[in-house]
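One-letter residues, chain by chain:
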Amino acid sequence: MLNYALLKLNKYVNSFFKILSRYPAVMLRLLFSIVFGVTGLVIIYIPSVTNGADVNTRLVFGALLLIYGSYRFLTFYQEYKRARRYEEDL
C-alpha cells in the first residue's frame, strides 16, 4: 500500500517538474511567489533586516509582501493548471 502511494506521488512530482521545465513562464511565476513570500516573512520576523524601522511599518510592509506573494502564487497555480490541461490534451 505504501509502495503504491509512493509511486503515485513520484508520478505527480515528475509531471509537476516536467511542466515547469517545459513552460519557463510558469516556473518564473512560482519563483517570484516564493521570493516575495519569503521576503515578507523575513521582514516580519527579523527586525534587523529593516535597520531600525518602526515595528508597525515593518509589519505592514511584510504583510503587503506576503499578500503580493500569495497573489503571485495564485497566478502561478492558474497558469500551472492551464499548462497541465494543455499537456493532457496533446
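Not measured: the values here are computed from a predicted model.

Student: What should I look at first to understand the overall build of the protein chain in this one?
Tutor: Check the secondary structure of the protein chain and you find 3 helices and 0 strands. Compactness check: the protein chain gives a C-alpha radius of gyration of 18 Å against a globular reference of 12 Å for 90 residues, more than 25% above the reference. Viewed in the frame of its principal axes, the protein chain has a C-alpha envelope of about 55 × 30 × 15 Å. Expressed as a percentage of its 90 residues, the buried residues of the protein chain come to 22%. Summed over its atoms, the accessible surface of the protein chain is roughly 6900 Å², and 67% of this surface lies on carbon and sulfur atoms.

Student: I'm lost on the environment of Leu74 in this one. Help?
Tutor: Structurally, Leu74 is set in helix α3 (residues 55–89). When the C-alpha atoms of Leu74 and Ser33 are compared, they prove to be 8.7 Å apart, with 41 residues separating the residues in sequence.

Student: Just checking my understanding: could you explain the packing of aromatic side chains for this structure?
Tutor: For any two aromatic rings, the description comes down to two numbers: the centre-to-centre distance and the angle of the planes. Across all of its chains, the model carries 7 aromatic pairs by this definition. Summarising the aromatic geometry, the rings of Phe16 and Phe76 are spaced 6.4 Å apart at their centres and angled 85 degrees between planes, so their arrangement reads as edge-to-face. Pair noted here: Phe16 is in helix α1 (residues 2–22) and Phe76 is in helix α3, with a separation of 60 residues, a long-range link. According to the relative accessible area criterion, Phe76 is buried, its value standing at 4%.

Student: Sorry, what's going on with the nonpolar core here?
Tutor: For soluble globular proteins, nonpolar side chains are generally found buried alongside one another. Core analysis: the largest hydrophobic core is formed by 8 residues, namely Phe16, Ile19, Leu20, Val26, Leu30, Phe76, Tyr80 and Ala83. When contributions to this core are tallied by element, the ones reaching two or more residues are α1, α2 (24–45) and α3. Apart from the residues within four sequence positions on either side, Val26 is in contact with Leu20, Phe76, Glu79 and Tyr80.

Student: Even after reading the chapter, I still don't get a nonpolar patch on the surface, so can you show me in this structure?
Tutor: Together, Leu2, Leu6, Leu9, Tyr12, Val13 and Phe17 line one region of the surface with nonpolar side chains, adding up to about 620 Å² of accessible area. Considering the arrangement of structural elements, one finds Val13 in helix α1. Take Val13: its relative accessible area is 32%, and that puts it in the partly exposed class.

Cut-offs applied
Residues numbered from 1 in each chain as written. Predicted model: local features only at pLDDT ≥ 70, side-chain atom pairs only at ≥ 80, totals over all residues. Heavy atoms only, no water. Helix = DSSP H or I, 4+ residues; strand = E, 2+ residues; numbered from the N terminus. Rg over C-alpha atoms; globule rule 2.2 N^0.38 Å. Buried < 20%, exposed > 50% of the residue type's maximum accessible area, 1.4 Å probe, protein only. Areas by Shrake-Rupley, 256 points an atom, 1.4 Å probe, with all protein chains shown as cover. Phe/Tyr/Trp six-rings, centres within 6.5 Å; stacked < 30°, edge-to-face > 60°. Core = buried A, V, L, I, M, F, W, Y, C linked by side-chain atoms within 4.5 Å. Contact = heavy atoms within 4.5 Å. Patch = residues over 30% accessible without salt bridge, like charges linked within 9 Å, V, L, I, M, F, W, Y side chains within 5 Å. Salt bridge = Lys/Arg side-chain N within 4 Å of Asp/Glu carboxyl O.

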